[in-house]
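Reading the structure
So the chains spell out like this:
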Amino acid sequence: MYSKHDLQPTRFQTYVFMDLEATGLQFSQPRIAELCLIAVSRHALENTEYSNSFLPVPLFPRVVDKLSLCLNPQKPFTPVASKITGLSNDLLHTNRRQGFNIHVIHILEAFLKRQSAPVCFVAHNGYGYDFPLLKAELNGIGFSVFNDVYCVDTLAAMKALDKVNNHLYQFAGLQSNSGRKTYSLEGLYLKFFKEYPPDSHTAEGDTIALIAVFQWRAKDLIKWTDLNAKQFDEIKTMYKEQTKLDSPA
Ligand code: DCM
Ligand code: MG
Ligand code: MG
């Protein structure tokens, strides 16, 4: 059940910002090659500090827990995924990275246990990509739940906020080449900070960019998350199992 059906909003204490790099897009049944989690307290987000510069920018919270792992995806990267991430099967193999295994689960569980509850994962396009993909990898080793963890998609949040407050939320209305509004992480970051985010398509770079974008409208996004976050348990897996053709290379 979605928390928006509850009478009381959930008051999250920890926001675990997340980004995954993987071997390709949804339809290719991708496997994870890199993951980054950065846990930030509600307190830090509600009390965001800004630089003194001409264009004040939110300062990265001083107190965070950060986890970044590179993984052998055991599946070929698509050329585009390899190009944009700078990762390849060779590179991960040469660096002797392990795959998504039980140790990763233990690390994630321990990381989450150290956070003040309730906890909410935050990912940009999380409902479309990161959460279903994480679910698929968890299922792949017979593990499907993180107890009492919620999740929210900042892409869905930004779209929803833009709709209800069109006159206030034009910030999200960056035009793509096709003339449609785009809510890509890069687009939002460029709109807010007048420069491209550093280290795009690295898990840590994208997670840090997401935190900056979230901080820019922290009050609204915290409120929206409290009302609309879904239970991670309810997220549907991106795929059931790797088809034969796609079995580990
Ligand atoms: N991806 C892709 N092709 C794109 C964009 C993304 O294959 N044009 C895949 C590979 C990335 C993953 O999605 O590792 C996550 O994307 P992002 O770096 O935007 O988080
Ligand atoms: Mg991403
Ligand atoms: Mg990324």
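Below you will find a few notes about this structure.

**Some words on the overall build of the chain**
- Across its full length, the chain carries nine helices and eight strands.
- Sequence separation of at least 24 residues holds for 75% of the intrachain contacts in the chain that already meet a minimum separation of 6.

**Side note on the environment of F143**
- Within the secondary structure layout, F143 lies in the loop between α5 (126-140) and β5 (149-153).
- Judged by relative accessible area, which is 18%, F143 ranks as buried.
- For the pair F143 and R11, spaced 132 residues apart in sequence, the C-alpha to C-alpha distance is 27 Å.
- Those residues within four positions of F143 in sequence are excluded, and the remaining contacts are I105, E109 and L138.

**Here we look at the sheet that holds strand β1 (residues 14-22)**
- If you trace the six strands from one edge of the open sheet to the other, you get β3-β2-β1-β4-β5-β8, paired in mixed fashion. What marks the edges here is a single partner per strand, and that holds for β3 (65-70) and β8 (230-231).
- Relative to strand β4 (residues 119-123), β1 runs parallel, the two sharing four bridges. When the sheet's bridge partners are listed, V16 is paired in β4 with F121.
- With respect to the sheet, helix α4 (residues 102-113) is in contact with β1, β2 (32-41), β3, β4 and β5, its orientation differing from that of β3 by roughly 170 degrees.
- Lying on the sheet, helix α9 (residues 218-228) is in contact with β1, β4, β5 and β8; it crosses β1 at an angle near 85 degrees.

**Quick look at the site of ligand 1**
- Residues in contact with ligand 1 amount to 13 residues; listed here are only the nearest, D19, E21, A22, H201 and D206.
- Take D19: an N or O atom from its side chain is 3.1 Å from an oxygen atom of ligand 1.
- Taking D206, its side chain carries an N or O atom lying 3.2 Å from an oxygen atom of ligand 1.
- Bound to the protein, ligand 1 loses 76% of the 440 Å² it would expose on its own.
- If you map ligand 1 onto the pockets, it falls in the largest pocket.

**Quick look at the pairing of β5**
- The buried fraction of β5 amounts to five of the five residues, a majority that puts the element mostly inside the structure.
- Of the two faces of β5, both are covered, the one formed by V149, C151 and D153 as well as the one formed by Y150 and V152.
- Across five bridges, the pairing between β4 and β5 is parallel. Its bridge partner being in β5, V122 is matched across the sheet by V152.
- Each parallel crossover has a hand, and for β4 linked through α5 to β5 it is right-handed.
- Strand direction decides the pairing type here: β5 and β8, joined by two bridges, are antiparallel. When the bridges of β8 are listed, Y150 appears paired with Q231.

**Here we look at the side chain of K75**
- Within the element layout of this structure, K75 appears in the loop between β3 and α2 (79-85).
- On the basis of relative accessibility, which here comes to 5%, the residue K75 falls in the buried class.

**Quick word on the coordination of the magnesium ion (ligand 3)**
- Distances from the magnesium ion (ligand 3) to its protein donors, D19 (OD), E21 (OE) and D206 (OD), fall within 1.9 to 2.1 Å.
- For the magnesium ion (ligand 3), the donor residues sit on a single chain with the sequence spacing D-x1-E-x184-D.
- Taken as an interatomic distance, the gap from the magnesium ion (ligand 3) to the magnesium ion (ligand 2) is 3.4 Å; D19 donates to each of them. Of the two residues, D19 sits in strand β1 while D206 sits in helix α8 (residues 203-216), which places them 187 residues apart along the sequence. Comparing D19 with D206, the two get one shared label, buried.

How each quantity is defined
Residues numbered from 1 in each chain as written. Chains lettered and ligands numbered in written order. Predicted model: local features only at pLDDT ≥ 70, side-chain atom pairs only at ≥ 80, totals over all residues. Heavy atoms only, no water. Helix = DSSP H or I, 4+ residues; strand = E, 2+ residues; numbered from the N terminus. Contact = heavy atoms within 4.5 Å. Buried < 20%, exposed > 50% of the residue type's maximum accessible area, 1.4 Å probe, protein only. Pairing = 2+ DSSP bridges. Axes fitted to C-alpha atoms, helices over the stretch in contact; angles between N-to-C directions. Near = heavy atom within 4 Å. Polar contact = N/O pair within 3.5 Å; in protein donor to acceptor, adjacent residues only side chain to side chain. Areas by Shrake-Rupley, 256 points an atom, 1.4 Å probe, with all protein chains shown as cover. 1 Å grid on protein atoms, 1.4 Å probe; cavity = no way out; pocket = protein on both sides within 12 Å on 5 of 7 lines; lining within 4 Å. Sits in = over half its atoms within 2 Å of the grid points. Right-handed = clockwise from strand over helix to strand, strands pointing away. Donors = N, O, S within 2.8 Å, 3.2 Å for Na, K, Ca; no water.

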